[in-house]
Amino acid sequence: MASSSFLFLHVLVMLSLASMAFADLSDDFYDDVCPEALPTIKRVVEDVVRQERRMGASLLRLHFHDCFVNGCDASILLDQTDTIDSEKTARANNNSARGFEVIDKIKLEVDKICGRPVVSCADILAVAARDSVVALHGPTWEVQLGRRDSTTASRTTANNDIPTPFMDLSALINNFKKQGLDEEDLVALSGGHTLGFAQCSTFRNRIYNDANIDSTFASRRQANCPRSGGDSNLASLDPTPALFDSKYFSNLVSNKGLLHSDQALFSGGETDDLVKTYSKNLKTFSDDFAESMIKMGNIKPLTGKQGQIRVDCRKVN
């Protein structure tokens, strides 16, 4: 009896500690200290996306790649130093991740309107991702706020934990599970590929070697992605790369997923049915995407007195 009581207490403590991880996050965190913070982020994002619509996808990706490496703590923004192992040079980010200068601009504008650095770079990433999706006609959601910024980064963890475009379904499921995300989150968040482009080096093997690919689609992609060279040549991840819609999933059903990891979601496995549902119902996809973005944004945030509010998003104070 005593042992079972101890076990119950242990479980209760662990659950309490888990809930404390984002207990200090709230959607009104800046309402009193700087009510103009969120409108300022929105204005800058809208201006930038209006000038270059591709940037919306880039800002969304920055938040994703940040959260998958030791939580949503803006570690992806830190430059290399003698003590910082920058994630910018990790395989998934090197010569690929972009939008850092946009985050710098947002930080400058927000600190100016607030009178001092009160908004974390981690929160800026989370809000900018949401505002980018909205700017490209996607859903909105209440971003939970109050994250603080890390004082460290890890290229090794980035290399290990950011999912690669070469993963099969089981690897993707395990990768997301490690972050506390389930199969529905995997499919919904992969739907972020309704926006943006990919480099030839990430899909070359698929268009030349995969069997589950539409032959006409493969031929068209091969025209701009030779067997050697042209690694940075771009192709859109779906037919409408600057519009949040369900065509990404329609492509998967037609074996026209650009990345191996995209098509893995519709390859005879347990995620097939959800892909079909999303391909036919944009509202269901949009609702689930918003829910999964909130869930992803709650991955191991630093709160309270943990971390810091960086003055410059690229370096520790």
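As a convention, each chain's residues are numbered from 1 in the sequence order in which they are written. Local features in a predicted model are, by the rule used here, given only for residues with pLDDT of at least 70; side-chain atom pairs are given and counted only at 80 or more, and totals for whole chains, interfaces and linings are based on all residues. As a rule here, side-chain values cover all heavy atoms of the structure and leave hydrogens and water aside.

- In the nomenclature of an unreviewed UniProt entry, the chain is known as Peroxidase of Anisodus tanguticus.
- UniProt positions are given in the numbering used here, feature names are shortened, and annotations may be inferred rather than shown by experiment. As recorded by UniProt, the Catalytic activity (unreviewed entry) comment attached to the chain reads in full: "2 a phenolic donor + H2O2 = 2 a phenolic radical donor + 2 H2O".
- Looking at the Subcellular location (unreviewed entry) heading of the UniProt record, one finds this comment for the chain: "Secreted".

### As for the pattern of salt bridges
- Within this document, salt bridges are pairs made up of a side-chain nitrogen of Lys or Arg and a carboxyl oxygen of Asp or Glu, the two lying within 4 Å of each other. Enumeration according to the criterion identifies 18 salt bridges in this entry.
- In this structure, the salt-bridge partner of Lys 178 is Asp 161, at a minimum N-O distance of 2.7 Å. Highlighted residues: Lys 178 in helix α7 (residues 169–178) and Asp 161 in helix α6 (residues 155–161), separated in sequence by 17 residues.
- Using a 1.4 Å probe on the protein chains alone, a residue whose accessible area is under 20% of its type maximum counts as buried, one over 50% counts as exposed, and one in between counts as partly exposed. Using a relative accessible area of 59% as the deciding quantity, one classes Lys 178 as exposed.
- We classify Asp 161 as buried; its relative accessible area is 9%.
- Through salt bridges that share partners, Asp 79, Lys 88, Asp 104 and Arg 314 make up one connected network. Helix and strand assignments follow DSSP, with helices taken as H or I runs no shorter than four residues and strands as E runs no shorter than two, numbered in order from the N terminus.

### Concerning the packing of α7 against helix α8 (residues 183–190)
- The contact between α7 and α8 brings their axes to 9 Å, and the two run at 105 degrees. Looking at the two axes, α7 sits roughly perpendicular to α8. Contacts from Leu 169, Leu 172, Ile 173 and Phe 176 of α7 reach α8 at Glu 183, Asp 185, Leu 186 and Leu 189.
- Put simply, Ala, Val, Leu, Ile, Met, Phe, Trp, Tyr, Cys and Pro go in the nonpolar bin, Asp, Glu, Lys and Arg in the charged bin, and everything else, Gly too, in the polar bin. Taken together, the residues that form the contact of α7 with α8 break down as six nonpolar, no polar and two charged. Fitted lines through C-alpha atoms serve as axes, helices being fitted only where they are in contact, and the angles separating the N-to-C directions of these axes extend from 0 to 180 degrees. Angles below 35 degrees are treated as roughly parallel, those above 145 as roughly antiparallel, those between 65 and 115 as roughly perpendicular, and all remaining angles as oblique. Contact between two residues is taken to exist if any of their heavy atoms lie within 4.5 Å; hydrogens are not considered.

### Thoughts on the UniProt feature "binding site: heme b" (unreviewed entry) in the chain
- UniProt's feature table lists "binding site: heme b" (unreviewed entry) at His 193, given in the numbering used throughout.
- Locating His 193 in the fold gives a position in the loop between α8 and β1 (197–199).
- Judged by relative accessible area, His 193 falls into the partly exposed class, the value being 27%.
- His 193 has contacts with Leu 237, Asp 238, Tyr 248, Leu 259 and Asp 262, leaving out every residue within four places of it along the chain.

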